There are 2 protein chains.
Amino acid sequence: MTKNHLNSLPEWTHLAALAKRIALPENHLKYLIRQKHRLDNFSLSGGGLFFDFTRQRIDAQVLKSLLNLAKACKIKHRFNQMMTGELVNTTENRTALHTATRSFSHASVLNNGKDVMPDIKRIRDEIRQFSGDVHSGKISGANGQLFKDVVVIGIGGSYLGTEFVATALGSFSDKKIKLHFLSNVDIDNFGTIIDFIVPETTLWIVISKSYTTAETLANTSQVLSFLDQKGLDPKNHMVTVTSKGSPGDDPANPVLKSFHMFDYIGGRYSVTSAVGGVPLSLYLGFDRFKDFLKGAEEIDIHANTTSEEKNIPLVAALISVWNNNFLGYPSQAVIPYSSALSKLAAHIQQLSMESNGKSGESHGALSASMNGDGVDSHCGSIIFGEPGTNAQHSFFQLAHQGRPFPIEFIGVVNPYHQKYSGKSKGVTNHQELWANLMAQSQALAEGKDDKNAAKFFPGNRPSSTLLINDLSPKNIGRLLAFYEAKTVFEAFIWNINPFDQYGVELGKTMAGTIRSEIAEKNKNPDYQFDNRDSIQQFYLNVLFNHKIT
Amino acid sequence: MTKNHLNSLPEWTHLAALAKRIALPENHLKYLIRQKHRLDNFSLSGGGLFFDFTRQRIDAQVLKSLLNLAKACKIKHRFNQMMTGELVNTTENRTALHTATRSFSHASVLNNGKDVMPDIKRIRDEIRQFSGDVHSGKISGANGQLFKDVVVIGIGGSYLGTEFVATALGSFSDKKIKLHFLSNVDIDNFGTIIDFIVPETTLWIVISKSYTTAETLANTSQVLSFLDQKGLDPKNHMVTVTSKGSPGDDPANPVLKSFHMFDYIGGRYSVTSAVGGVPLSLYLGFDRFKDFLKGAEEIDIHANTTSEEKNIPLVAALISVWNNNFLGYPSQAVIPYSSALSKLAAHIQQLSMESNGKSGESHGALSASMNGDGVDSHCGSIIFGEPGTNAQHSFFQLAHQGRPFPIEFIGVVNPYHQKYSGKSKGVTNHQELWANLMAQSQALAEGKDDKNAAKFFPGNRPSSTLLINDLSPKNIGRLLAFYEAKTVFEAFIWNINPFDQYGVELGKTMAGTIRSEIAEKNKNPDYQFDNRDSIQQFYLNVLFNHKIT
């Protein structure tokens with residue numbers, strides 16, 4: 001399949017026609033959910049997950065046509081190509097082998113003809129050994145005391161996934177280690193951490209594949225000055241996660257240890273590599289990290305081997321495409337009914353928007369002419385979210401009565417803290433939470449008539465609900481891999497490359513030019529910003545004058 | 001002005017015509033920003049803020065027409081009515097006097113004929129006295145030790161604003177008190193806090209105007225059991241912020257102290273009342289809370305007294321309306337280049353989406369027929385955001401090459417932590433941050449041509465930049481009041497009531513029905529859920545079986 005051909009597929013044209021039919025009043029969700037066997041026909045179970053899409057604006061014919069689209073676009077085949085080392089990252093001429101980082105199979109996985117599994121298993125062993133040595137005290141800070149604080153220096157994909165997993169599994173953190181994230185180049189991010197930690201018992205983990213990320217280098221530079229000032233040596237207090245041979249893996253700049261990562265693992269897909277492995281094993285213990293990997297592996301196998309009809313991330317991806325391109329919803333919320341999953345939306349925001357935020361306009365995969373068919377030419381949604389029930393008391397006013405947007409609810413059958421079982425209004429807190437999870441999807445779908453406009457609920461607002469049994473490491477691994485698989489399945493339909501991110505380059509280039517101007521002025525206080533336009537001159541003068549006017 | 005008449009205003013029709021002109025290629029932002037005197041004509045300074053809207057897709061004629069619309073809708077007059085106690089919350093027949101909570105003027109403010117200022121000043125005094133007594137140890141926990149942890153029990157407007165301010169001013173927290181938020185009814189929210197605190201030195205603040213919020217009551221009930229189990233008395237460890245005479249202000253359930261709030265203060269506008277005042281004064285000291293109030297007051301006065309042309313929140317609101325209804329952007333990001341402002345977007349998400357997430361469909365303020373003119377009938381945007389530069393490494397791929405959405409950047413001229421001034425690539429961390437702030441708005445506006453679709457940037461993506469001088473309590477107060485004023489100005493244009501939230505009622509009612517079913521089953525294990533449809537029966541059985549299948 002080549003560019004611009006998606007909208008000429010008969011499956012696509014057929015779906016555009018079905019979208020018009022679904023928009024008719026008789027296909028309002030309040031009627032669709034009352035169809036016989038709705039739950040049996042519009043839910044899937046597998047890989048430890050339960051996925052309920054009864055409240056999506058689809059019927060049997062739409063579902064069948066979406067599955068036909070998946071088959072026409074051969075997305076399962078492409079997923080298998082991804083897992084087996086074909087060059088699916090075409091613009092960067094690379095493989096995308098994040099699934100190998102959680103493989104426990106004995107099969108080899110070839111990257112340009114070379115099996116990656118020996119490297120991956122070696123690094124897993126190194127992480128097991130290193131984290132064990134830190135926990136036992138065999139490796140310790142300058143004064144021989146156990147490490148108490150671990151700070152990850154990394155931005156974007158180098159920390160968002162790890163932050164999600166660490167927050168989700170925080171109740172398991174019994175290693176007496178606190179985990180911090182120094183991501184932002186803002187000096188207040190650094191200052192706040194420095195105010196908190198004790199330097200002698202702090203371990204810094206610098207994470208950057210290329211070791212050229214401006215923010216990470218600037219923060220590492222601050223940390224190195226700080227260590228020097230405290231008389232501490234990076235050989236005892238700093239490790240790196242980086243490509244073999246990068247400036248972060250250079251014997252000229254000795255550190256306690258370097259863990260390797262590889263160009264076949266993209267940042268936003270790297271949680272199961274050393275990027276997540278080193279900090280998460282220190283925080284939770286290696287065994288829990290391994291359970292987490294096993295959960296992820298289970299979903300990879302499910303996604304790779306289950307038929308389209310029963311394939312949970314594949315069907316979820318088809319629903320995204322339906323909502324995005326055919327029903328025209330520009331955004332999607334991720335609402336976990338679990339405070340432990342409070343960082344999930346921020347991770348998915350990156351995973352999904354950086355992978356698939358590529359419109360026809362800039363990528364040509366969907367031609368602009370598709371608008372003529374009433375089909376939206378944009379790929380990728382704006383993703384946002386907060387945990388329920390908090391979200392109900394924040395932005396759900398708009399969800400019910402403002403612009404509609406699809407929601408992915410996530411329910412956790414058993415909470416971590418079971419022992420506090422006091423009741424209010426006859427139910428436990430967890431039961432109250434569950435009642436609200438059930439009520440929101442129902443209210444959004446059904447709506448309510450009222451002559452008073454302020455009390456009228458249009459309904460017909462789609463949602464899915466994904467259930468996991470509990471907050472175990474394995475289930476968090478499943479959740480992570482579900483979203484990764486869903487994201488790449490979407491991209492395979494849209495025929496875009498979910499592994500590059502050229503859209504961030506222009507801002508970086510322009511920041512580099514401005515940085516040079518600032519550096520010049522730092523060297524020469526008489527330097528004037530004559531090369532900049534008047535708006536930029538204003539901002540540069542504000543910076544150097546330390547006040548707005 | 002009555003319902004449905006907005007789109008028949010000549011100013012509205014004129015703006016719809018101008019929107020078509022702005023869409024022409026020759027009005028691409030890359031040309032607009034090169035207009036002579038662009039910065040002078042499209043920026044405003046006042047009340048300690050600088051607001052730059054040079055990169056919005058407007059020209060002199062659009063700005064003038066928007067100001068004419070503001071005048072036709074008399075929004076400044078309505079703002080004054082709000083501040084002076086007219087019944088602007090029409091659906092609930094109430095005034096909306098949050099501005100009075102930060103007034104230091106001697107003028108009276110009438111609510112139904114009664115001056116509210118004596119109550120407001122009395123409560124401010126009570127907060128000053130109480131927080132001082134806690135800090136000095138005059139008021140202490142059961143064992144006579146100083147309180148070390150303060151937990152706010154409240155959801156939505158009872159904590160989001162406080163969390164934003166506490167995070168923004170965290171570097172000033174020198175009272176040796178940690179602040180926690182127990183918002184979610186999820187028992188894991190409770191359990192995580194209980195695992196952290198020492199009961200004897202913990203003070204609990206229950207915040208609920210009506211004292212009927214299900215989540216807050218359930219959490220309070222857990223806390224009361226916990227205190228009882230530890231042999232601690234709520235008379236020593238719990239305070240309430242609630243309406244006079246509510247169940248939280250009942251001598252039959254004695255607590256350490258009750259602070260009153262009033263029905264003329266809506267939850268999402270309540271940060272400057274006792275809702276924010278009690279926790280923030282404990283965390284930061286009363287003097288800093290007072291400075292914060294004075295900053296907010298300054299913006300209230302600016303919004304109330306400055307002409308439309310120079311009125312920063314008013315012009316910002318007009319730009320929202322322009323982007324929302326005429327240019328058709330469905331969402332808006334709030335991106336502060338400051339990690340201290342990391343909770344701003346979550347607060348604005350509630351403030352804006354709960355106030356103004358009310359479509360023509362449900363509220364009749366804008367008629368559906370407006371779609372016929374190419375004008376979007378929805379009020380209110382989907383608001384989301386993360387701090388920069390983090391957001392650049394997360395979802396800015398989509399911002400540059402996917403669906404366009406307007407961005408409100410926020411810049412802080414001076415960071416809090418000034419002393420770490422090491423340089424990387426010739427610039428300090430703060431200068432690197434500033435270079436990125438400047439570069440992003442420029443890159444989004446200008447774009448870049450490239451024959452390679454993956455490297456083509458369409459540009460023409462609008463943004464504003466709001467600057468504050470530093471992270472002082474006063475500036476955080478200004479920022480808070482700016483967003484409150486902007487939100488109500490938008491509502492006054494749309495002719496909707498930004499003070500009610502009927503859209504959350506349907507979900508509450510449905511949750512109540514489900515809760516009753518669960519409570520019944522708790523009492524009688526043989527109870528069957530025959531009244532529920534098959535989908536709901538499935539979820540209820542999962543809950544009671546403790547597993548998915």
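Residues numbered from 1 in each chain as written. Chains lettered and ligands numbered in written order. Predicted model: local features only at pLDDT ≥ 70, side-chain atom pairs only at ≥ 80, totals over all residues.

K.L.:
Even after reading the chapter, I still don't get the overall build of chain A, so can you show me in this structure?
P.N.:
Across its full length, chain A holds 20 helices and 15 strands. Since a compact globule built from 549 residues should have a radius of gyration of about 24 Å, the 25 Å found for chain A is in line with a globular shape. Seen along its three principal axes, the alpha-carbon backbone of chain A occupies a region of about 75 × 65 × 55 Å. The long-range share in chain A, meaning contacts at least 24 apart out of those at least 6 apart in sequence, stands at 74%. (Helix = DSSP H or I, 4+ residues; strand = E, 2+ residues; numbered from the N terminus. Rg over C-alpha atoms; globule rule 2.2 N^0.38 Å. Contact = placed C-beta atoms within 7 Å.)

K.L.:
Can you walk me through the sheet that holds strand S5 (residues 149-153) of chain A in this structure?
P.N.:
Residues and elements named next belong to chain A. Strands sit in the order S6-S5-S7-S8-S9 across an open sheet of 5 strands; the sheet is parallel. In this open sheet, the two strands that pair with only one neighbour each are strand S6 (178-182) and strand S9 (257-261). For this sheet the average axis-to-axis angle between neighbouring strands, irrespective of direction, equals 20 degrees. Against the sheet, helix H11 (residues 274-284) touches S5, S6, strand S7 (202-207), strand S8 (238-243) and S9, its axis set at about 135 degrees to S9. (Pairing = 2+ DSSP bridges. Axes fitted to C-alpha atoms, helices over the stretch in contact; angles between N-to-C directions.)

K.L.:
What am I meant to see in the environment of Asn-497 of chain B here?
P.N.:
All names here are of chain B. Residue position: Asn-497 is located in the loop between helix H18 (473-494) and helix H19 (505-523). Since 23 C-beta atoms lie within 10 Å of it, Asn-497 is described here as buried. The sequence separation of Asn-497 and Thr-90 amounts to 407 residues, and the corresponding C-alpha distance is 7.1 Å. In this structure Asn-497 touches Asn-89, Thr-90, Thr-91 and Ala-491, once residues within four positions along its chain are discounted. (Buried ≥ 20, exposed ≤ 12 C-beta atoms within 10 Å, placed from the backbone.)

K.L.:
Just checking my understanding: could you explain the environment of Gln-537 of chain A for this structure?
P.N.:
Residue and element names in this part refer to chain A. By secondary structure assignment, the location of Gln-537 is in helix H20 (residues 534-545). With 16 C-beta atoms counted inside 10 Å, the residue Gln-537 sits in the partly exposed group. In this structure, the C-alpha to C-alpha distance between Gln-537 and Glu-200, residues 337 residues apart in sequence, is 43 Å.

K.L.:
Help me out: how do you make sense of the domain arrangement of chain A in this one?
P.N.:
The figure often quoted for interface size is the accessible area lost as the parts come together. Split by domain assignment, chain A resolves into domain 1 (6-71 + 306-500), domain 2 (98-291) and domain 3 (503-545). Between domain 2 of chain A and domain 3 of chain A, the C-alpha centre-to-centre distance is 33 Å. (Domains from an automatic or database assignment.)

K.L.:
What is the right way to look at the environment of Asp-119 of chain A in this model?
P.N.:
With respect to the helices, strands and loops of the structure, Asp-119 of chain A is situated in helix H6 (residues 117-136). In the structure, Asp-119 of chain A is positioned 155 residues away from Ala-274 of chain A in sequence and 11 Å away in space, judged by C-alpha atoms.

K.L.:
Hey, could you run me through the sheet that holds strand S8 (residues 238-243) of chain B in this one?
P.N.:
In a beta sheet, neighbouring strands pair by backbone hydrogen bonds and run either parallel or antiparallel. All names here are of chain B. Taken in spatial order, the 5 strands make up an open sheet running S6-S5-S7-S8-S9, and their pairing is parallel. Looking at the sheet topology across the chains shown, the edges are occupied by strand S6 (178-182) and strand S9 (257-261). Taken over all neighbouring pairs, the strand axes of this sheet differ in orientation by 20 degrees on average, direction set aside.

K.L.:
What exactly am I supposed to notice about the interface of chain A and chain B here?
P.N.:
Tallying the contact residues gives 125 residues for chain A and 125 residues for chain B. If you tally residues by element for the side of chain A that touches chain B, the top one is helix H17 (residues 429-446) of chain A, at 13 residues. Residue composition of the side of chain A that touches chain B, grouped by class: 54 nonpolar, 55 polar and 16 charged. (Nonpolar A, V, L, I, M, F, W, Y, C, P; charged D, E, K, R; others polar.)

K.L.:
Help me out: how do you make sense of the packing of helix H6 (residues 117-136) of chain B against helix H11 (residues 274-284) of chain B in this one?
P.N.:
How two helices pack is summed up by the angle between their axes together with the distance between the axes. Residues and elements named next belong to chain B. Following both chains from N to C, one finds H6 and H11 inclined at 25 degrees, their axes separated by 9 Å at the closest point. The angle between H6 and H11 places the two elements in the roughly parallel class. Between H6 and H11 the crossing geometry is right-handed. Where H6 approaches H11, its residues Ile-123, Arg-124, Ile-127, Ser-131 and Val-134 are matched on the opposing element by Ala-274, Gly-277, Val-278, Ser-281 and Leu-282. Split into classes, the residues belonging to the contact of H6 with H11 amount to 6 nonpolar, 3 polar and 1 charged. (Parallel < 35°, antiparallel > 145°, perpendicular 65-115°, else oblique. Left-handed = near helix turned anticlockwise from the far one by under 90°.)

K.L.:
Whenever I open this one, the relation of the copies chain A and chain B confuses me. Can you help?
P.N.:
Look at the two chain copies: a rotation about an axis and a shift along it is all it takes to match them. Its rotation angle being 180 degrees, the transformation that places chain A on chain B also includes 0.0 Å of axial translation and leaves an RMSD of 0.0 Å. Within this description, the copies of the chain are treated as partners about a two-fold rotation axis. Judged by C-alpha distance, Phe-384 of chain A is the residue of chain A that lies nearest the rotation axis, at 3.2 Å. By residue overlap, the copies meet face to face through one surface: 100% of the interface positions of chain A are interface positions in chain B. (Least-squares fit on C-alpha atoms with pLDDT ≥ 70 in both.)

K.L.:
Explain H18 of chain B to me, please; I cannot follow it from the model alone.
P.N.:
Each α-helix turn comprises 3.6 residues. Residues three or four places apart therefore point the same way. Residue and element names in this part refer to chain B. Taking 1.5 Å of rise per residue, 22 residues should cover 32 Å, and H18 covers 32 Å from first to last C-alpha, within 8% of that figure. Extensive coverage of H18 is indicated by the burial of 22 of its 22 residues. With its phi angle positive at about 60 degrees, Asn-495 sits one or two positions after the end of H18. (Expected span 1.5 Å × (residues − 1).)

K.L.:
Help me understand the pairing of strand S2 (residues 49-52) of chain B in this model?
P.N.:
Put simply, side chains in a regular strand alternate between the two faces of the sheet. Residue and element names in this part refer to chain B. Covered by surrounding structure in S2 are Leu-49 and Phe-51 together with Phe-50 and Asp-52, the residues of both alternating faces. Alignment of strand S1 (residues 43-46) against S2, held across 4 bridges, turns out to be antiparallel. Bridging across to S2, Ser-43 finds its partner in Asp-52. Between S1 and S2, which pair antiparallel in sequence order, lie 2 residues; one of them, Gly-47, sits at a positive phi of approximately 60 degrees. Note: S2 against strand S15 (residues 463-468), 3 bridges, orientation antiparallel. Counted as the bridge partner of Asp-52 is Thr-465 from S15.

K.L.:
Help me understand the packing of helix H19 (residues 505-523) of chain A against helix H17 (residues 429-446) of chain B in this model?
P.N.:
Relative orientation of the contacting elements H19 of chain A and H17 of chain B amounts to 130 degrees, with a least axis distance of 8 Å. Classed by the angle they form, the pair H19 of chain A and H17 of chain B counts as oblique. Relative to H17 of chain B, the crossing made by H19 of chain A is right-handed. Contact residues: H19 of chain A offers Leu-506, Gly-507, Met-510, Ala-511, Ile-514, Arg-515 and Ile-518 of chain A, while H17 of chain B offers Gln-431, Glu-432, Ala-435, Asn-436, Met-438, Ala-439, Gln-440, Gln-442 and Ala-443 of chain B.

K.L.:
For this particular structure, what's the right way to read H11 of chain A?
P.N.:
Summarising burial for H11 of chain A: 11 of the 11 residues are buried, a large majority. Gly-285 of chain A lies just past H11 of chain A and shows a positive phi near 95 degrees.

K.L.:
Whenever I open this one, the confidence of the model for chain A confuses me. Can you help?
P.N.:
In regions of low pLDDT, the predicted coordinates are not meant to be interpreted in detail. Taken as a whole, chain A shows an average pLDDT of 94; of its residues, 96% reach a score of 70 or greater. For residues 361-374 of chain A, every residue scores under 50 in pLDDT, and the model assigns this stretch 41 contacts once sequence neighbours within four places are set aside. (pLDDT = per-residue confidence, 0-100.)

K.L.:
I'm lost on unusual backbone geometry in this one. Help?
P.N.:
Excluding glycine, a negative phi dihedral is what most residues carry, and trans is how most peptide bonds are arranged. Residue and element names in this part refer to chain A. The residue after Gly-388, namely Thr-389, is reached through a cis peptide bond having omega 5 degrees. Note that Thr-389 resides in the loop between strand S11 (382-384) and helix H16 (396-401). In this structure, Asn-460 is a non-glycine residue whose phi angle is positive, near 60 degrees. The residue Asn-460 is located in the loop between H17 and strand S15 (463-468) in this model.

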